[in-house]
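Fold and geometry: a report
What follows is the residue order along each chain.
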Amino acid sequence: MFIKNCWYAAGMSNEIQSGPLARTIINEPIVLYRKADGHIAALEDRCCHRGLPLAHGQVLDGLMQCGYHGLVFDHTGQCVRIPGQEKIPQNARIKSYPVVEQDALIWVWMGDPAKADPAQILRYPWHSDPEWAYDGKYTSIDANYQLLYDNLLDLTHVGYVHRNTIGGEPEAHSNAEMKTTRSDDGVHVIRWLRNSTPPPLYASAFEFHGKVDRWIEIEFSVGAVRIYSGAKDVGQGAYEGNREGGLGLRTLHAVTPSTEDSTFYFWTVARNFKLKQPEVGEKICQEIEATFNEDKAILESQHQRLKAQAGRPLVDIAADAGAIQARRIIASRIAAEVAKPQTKMTDIANAG
Amino acid sequence: MFIKNCWYAAGMSNEIQSGPLARTIINEPIVLYRKADGHIAALEDRCCHRGLPLAHGQVLDGLMQCGYHGLVFDHTGQCVRIPGQEKIPQNARIKSYPVVEQDALIWVWMGDPAKADPAQILRYPWHSDPEWAYDGKYTSIDANYQLLYDNLLDLTHVGYVHRNTIGGEPEAHSNAEMKTTRSDDGVHVIRWLRNSTPPPLYASAFEFHGKVDRWIEIEFSVGAVRIYSGAKDVGQGAYEGNREGGLGLRTLHAVTPSTEDSTFYFWTVARNFKLKQPEVGEKICQEIEATFNEDKAILESQHQRLKAQAGRPLVDIAADAGAIQARRIIASRIAAEVAKPQTKMTDIANAG
Amino acid sequence: MFIKNCWYAAGMSNEIQSGPLARTIINEPIVLYRKADGHIAALEDRCCHRGLPLAHGQVLDGLMQCGYHGLVFDHTGQCVRIPGQEKIPQNARIKSYPVVEQDALIWVWMGDPAKADPAQILRYPWHSDPEWAYDGKYTSIDANYQLLYDNLLDLTHVGYVHRNTIGGEPEAHSNAEMKTTRSDDGVHVIRWLRNSTPPPLYASAFEFHGKVDRWIEIEFSVGAVRIYSGAKDVGQGAYEGNREGGLGLRTLHAVTPSTEDSTFYFWTVARNFKLKQPEVGEKICQEIEATFNEDKAILESQHQRLKAQAGRPLVDIAADAGAIQARRIIASRIAAEVAKPQTKMTDIANAG
């Protein structure tokens, strides 16, 4: 079960150059490409003639040409050319999707096109803010997307799953001060590790003078989790609200369901230090990737075990507070979509 | 859905030497081997004792011995020996299939044995004609067999799928003069590319004096497609009927359904030039194989996409004429087989 | 279908050292580890919190810690620690299994714990008898466990499947004197190859003076087959009961169903000669492993073929006598378990 009326990250801007890119999102195969004007188009990835995925073809003058018999489609999904014949049948068209490129990400709308409002797309200014530098990659995870949200919203896993990378002291994470706040369409979790030892990644990248006050702030909204983390020398006012002069990392975790059993995990990490040293960004990116591969192993194994015994109850613990709120938001949005078909009888009656 | 009352190519003659060969045809596992007299036998590939595929065993004095407990079967499927016991149970027998070796191919009959008429097997004299030399291979394709027929009967795909091999000019293929003729049990398509540039494969193998008149003639019958293609210097009478003195290639494309999702594609290419230069045949064969692997990639991707959304309609175009006729022939033969069970109540009544 | 009230071999003692070991037995995922006192514990391999297999975690002071959020379980399956929280919910517990380590094997009870009687576990003294030395390995087989029992109980396959290893003369095996005896819960088969040539493995390991009387004794009980084989110079009284002074091999074949389609095959081979020469044991072990891989290939192919046409009848032969008895024992034990639910209404009535 997926939310349909939602902007999902379909990829990063730099993934789409001259050729088409195939991505299956909530079970729908999509082909993305750039039009002649450089804007992105998103079409159903299935030629209406014989069903070949269009991503086998080529982008020709900003139009999508099928790689089997050469049919050409425009960004609305209309077939505009059939080699060897003049007349184009009226039904020679495929589905197109609302798509927006913003903040170095490609966002596609999977639900009712009439409801697609670009203003609802998550803004992520740190991809263009001159005071921040970022790097990113994407990890494909063979697990249900909700397990990835759970993972991101309960960071007590850091001490166990990431024992060998960013983990540090498990107890410090588990015993951190935590506050969970639910809004209408999001969840905010903040954790403070006060007077703690900076983890190796921090210590190697920034100059601290001993212990630090360390924060991890998690913002969930449907489609992405933002994690703002950092540290500042202990007692220098960070906890009270002044994080200036500290190390800051802003990570974006766009979570896009591909199928019930697979998920695209697009992530970036932005830093507010050593901006002019790309090798610092690359090193952080490599470490983050190794860390996320640890999550991937856990999530895929967990997914298999849960799937084998679907419906068996689980036991919640205190640290699950944020993840439980996020699951409720998702469940209620799915329930609302299922209950309210997109064209309702009452709408028709009211219109009459 | 498959036609059952039909001779299917099960392999090429040179594939069966001293050992057994396993082939699954229309979902039925078959083991092929040579009897003591050199003729081919075709048995169900499942020992009646414990179910092991007989192809694990060995051919012993022209009989098929199971590789598990040594039971021996003759070409009728009768068990003729059980090691360690005298009496052979009456039900110790397996199914045998009518099989004929002809024109360097092995043909097996999958339907009612009473209807197996070797005279119905497609003749292909170019495998033994002294004026032609041939080479061949087999390509296994993970797609439904009907997609392969579609592919062979609509060669407008050549300019797109084979862009990097035999393609040449896409428009020339799409705009070629085409005529489709339907007979009772076959389809004939002829395409003429008049006054056109010879494709690289032709130009490198034959001496032309500039532009050529080029023909592609496609003959579909259930089980195989024959494609006779060639070219002759422009205006030298080929179009009017005199192809003598031109380059000619005769390709056989035997299409044998293995399962709903996989197909054996046995193909040969015969040439009427440089007969005494085997390296010419090998080179053509290699190029053809590379070309057919391009088809394989397309067909397998197409199959997956169509299967994921089975039943969704497609849009026909003009170039599909031949393929549509072939599908109708197949559909009507399947429908006739389903409607007429092999032993009919009326037959019994009439016999009474 | 599996027998549940049964001790199954879950592994060999030396497989479990400091870390946990995951094994799925009759479809139930289990994690095995050593407690602080060195005894083995067996728990359901699924954390009650978020379902991660516990085998991803670590053994901490003889307790099992989940590798995701650090929950800790004792050997009864009770959660005894949740990082970051004081109170442990009452339902934070997982299933535990009766488990016994005996004769260098780990045995786990999959059925009603109240019925788990360690006295019923198969004794195998040859793993600790000073007059015998043993080696062992485990082979994973992607086939139903009953096919492995069939294989072990009908050794006429040796001449065909093991033609290239221990086979020797197929006819000698097929024509061997054979006697099958059925007890309440087991089957005993004895085969005598009198006045026969010692097989290569025997001849290379032991000094014979020509022909031998060779015995193969097979003992089936649910969970394991024991095969005691050997040979002695012909006419030296072995057949009459005095095997002393001959070569003896005792092989244990523990057969543990993992799923309907996969089986753990734990095997050891013990010898009564050249005890102080470990290289002799290693060589025998290697040859046995190569031999069992021949069985594995046959069983997996057989399993696929039988599964594709489930329910189709097979034809029994005389050599199947032992295997048929074993199948009857298994079938009747499964039927008895299905008929008698573990808590019966009559028990409750009687208790009232």
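Residues numbered from 1 in each chain as written. Chains lettered and ligands numbered in written order. Predicted model: local features only at pLDDT ≥ 70, side-chain atom pairs only at ≥ 80, totals over all residues.

A look at the environment of Trp 215 of chain C
Residues and elements named next belong to chain C. On the secondary structure map, Trp 215 appears in strand β14 (residues 212–221). Here Trp 215 falls in the buried class, since 22 other C-beta atoms lie within 10 Å of it. Those residues within four positions of Trp 215 in sequence are excluded, and the remaining contacts are Ile 190, Trp 192, Ser 229, Gly 230 and Ala 238. (Helix = DSSP H or I, 4+ residues; strand = E, 2+ residues; numbered from the N terminus. Buried ≥ 20, exposed ≤ 12 C-beta atoms within 10 Å, placed from the backbone. Contact = placed C-beta atoms within 7 Å.)

A closer look at the interface of chain A and chain B
Size of an interface: often given as the accessible area lost when the parts come together. On the chain B side, the residues contacting the 20 residues of chain A number 21 residues. For the side of chain A that touches chain B, the class distribution of residues is nine nonpolar, nine polar and two charged. (Nonpolar A, V, L, I, M, F, W, Y, C, P; charged D, E, K, R; others polar.)

Description of the nonpolar core
With 264 residues, the main nonpolar core has Val 108 of chain A, Val 108 of chain B together with Val 108 of chain C as its most contacted residues. If we ignore the near neighbours within four places in the chain, the residues touching Val 108 of chain C are Tyr 8, Ala 10, Ile 25, Ile 30, Ala 42, Tyr 97 and Val 99 of chain C. (Core = buried A, V, L, I, M, F, W, Y, C linked by C-beta atoms within 7 Å.)

Digging into unusual backbone geometry
With a phi close to 35°, Ile 26 of chain A is a non-glycine residue in the positive phi region. Summarising the element assignment, Ile 26 of chain A is placed in the loop between β2 (21–25) and β3 (28–34). Of note in the backbone geometry, Asp 61 of chain C takes a positive phi value of approximately 50° without being a glycine. Mapped onto the fold, Asp 61 of chain C is located in the loop between β5 (58–60) and β6 (63–65). In this structure Asp 61 of chain C comes out as exposed when scored by C-beta crowding, with 8 C-beta atoms within 10 Å.

Looking at the packing of helix α1 (residues 145–153) of chain C against helix α7 (residues 321–339) of chain C
All names here are of chain C. Their axes nearest at 8 Å, the elements α1 and α7 cross at an angle of 145°. In this structure, the crossing between α1 and α7 has a hand that is right-handed. For the pair α1 and α7, the contacting residues are Gln 146, Tyr 149, Asp 150 and Leu 153 in the first and Gly 322, Ala 323, Ala 326, Arg 327 and Ile 330 in the second. (Axes fitted to C-alpha atoms, helices over the stretch in contact; angles between N-to-C directions. Left-handed = near helix turned anticlockwise from the far one by under 90°.)

Side note on the relation of the copies chain A and chain C
For these two chains of identical sequence, chain A goes onto chain C by a turn of 120° and a shift of 0.0 Å along the axis, with RMSD 0.0 Å. Between the two chains, the operation in question is that of a three-fold axis. (Least-squares fit on C-alpha atoms with pLDDT ≥ 70 in both.)

Concerning the domain arrangement of chain A
Residue and element names in this part refer to chain A. Assigned domains within chain A: domain 1 (7–120) and domain 2 (125–335). Spacing between the C-alpha centres of domain 1 and domain 2 amounts to 33 Å. Between domain 1 and domain 2, the contact holds 12 residues from the first and 13 residues from the second. Within the residue set of the side of domain 1 that touches domain 2, elements represented by two or more residues are β1 (7–12) and β2. The class makeup of the residues in the side of domain 1 that touches domain 2 is nine nonpolar, two polar and one charged. (Domains from an automatic or database assignment.)

Brief notes about the pairing of β2 of chain A
Where β2 of chain A and β3 of chain A come together, five bridges link them in antiparallel fashion. By the bridge assignment for β3 of chain A, Thr 24 of chain A is matched with Pro 29 of chain A. (Pairing = 2+ DSSP bridges.)

Details of the sheet that holds strand β11 (residues 133–141) of chain C
Residue and element names in this part refer to chain C. Taken in spatial order, the seven strands of this open sheet run β11-β17-β16-β15-β14-β13-β12, and their pairing is antiparallel. The strands lining the two open edges of the sheet, one partner per strand, are β11 and β12 (177–182). For this sheet, the mean angle separating the axes of adjacent strands, direction not counted, is 15°. Of the strands in this sheet, β11, β13 (186–196), β14, β15 (224–233), β16 (247–259) and β17 (262–271) are in contact with α1, which crosses β16 at around 165°.

Focus on the interface of chain A and chain C
If you look at the interface, chain A gives 21 residues, while chain C gives 20 residues. Counting residues per element, the ones that place at least two in the side of chain A that touches chain C are α2 (158–161), α3 (170–174) and α5 (278–308) of chain A. Sort the elements by how many residues they give to the side of chain A that touches chain C and α5 of chain A lands first, with five residues. Across the side of chain A that touches chain C, the residue classes break down as 10 nonpolar, seven polar and four charged.

Section: the pairing of strand β3 (residues 28–34) of chain B
All names here are of chain B. Here β3 lies mainly inside the structure; five of its seven residues are buried. In textbook terms, the turn of a hairpin is the stretch between consecutive antiparallel strands, and for strand β2 (residues 21–25) and β3 this stretch comprises two residues, one of which, Ile 26, has a positive phi near 35°. In this sheet, strand β4 (residues 40–44) lies alongside β3 in antiparallel orientation, the contact comprising five bridges. Looking across to β4, one finds that Arg 34 is bridged to Ile 40.

As for helix α6 (residues 278–308) of chain C
In an α-helix, one full turn covers 3.6 residues, which means residues spaced three or four apart are oriented alike. Between its terminal C-alpha atoms α6 of chain C stretches 44 Å, which fits the 45 Å expected from 31 residues at 1.5 Å a residue. Taken together, the buried positions of α6 of chain C are occupied by Ile 284, Ile 288, Phe 292, Glu 294, Asp 295, Lys 296, Ile 298, Leu 299, Ser 301, Gln 302 and His 303 of chain C. (Expected span 1.5 Å × (residues − 1).)

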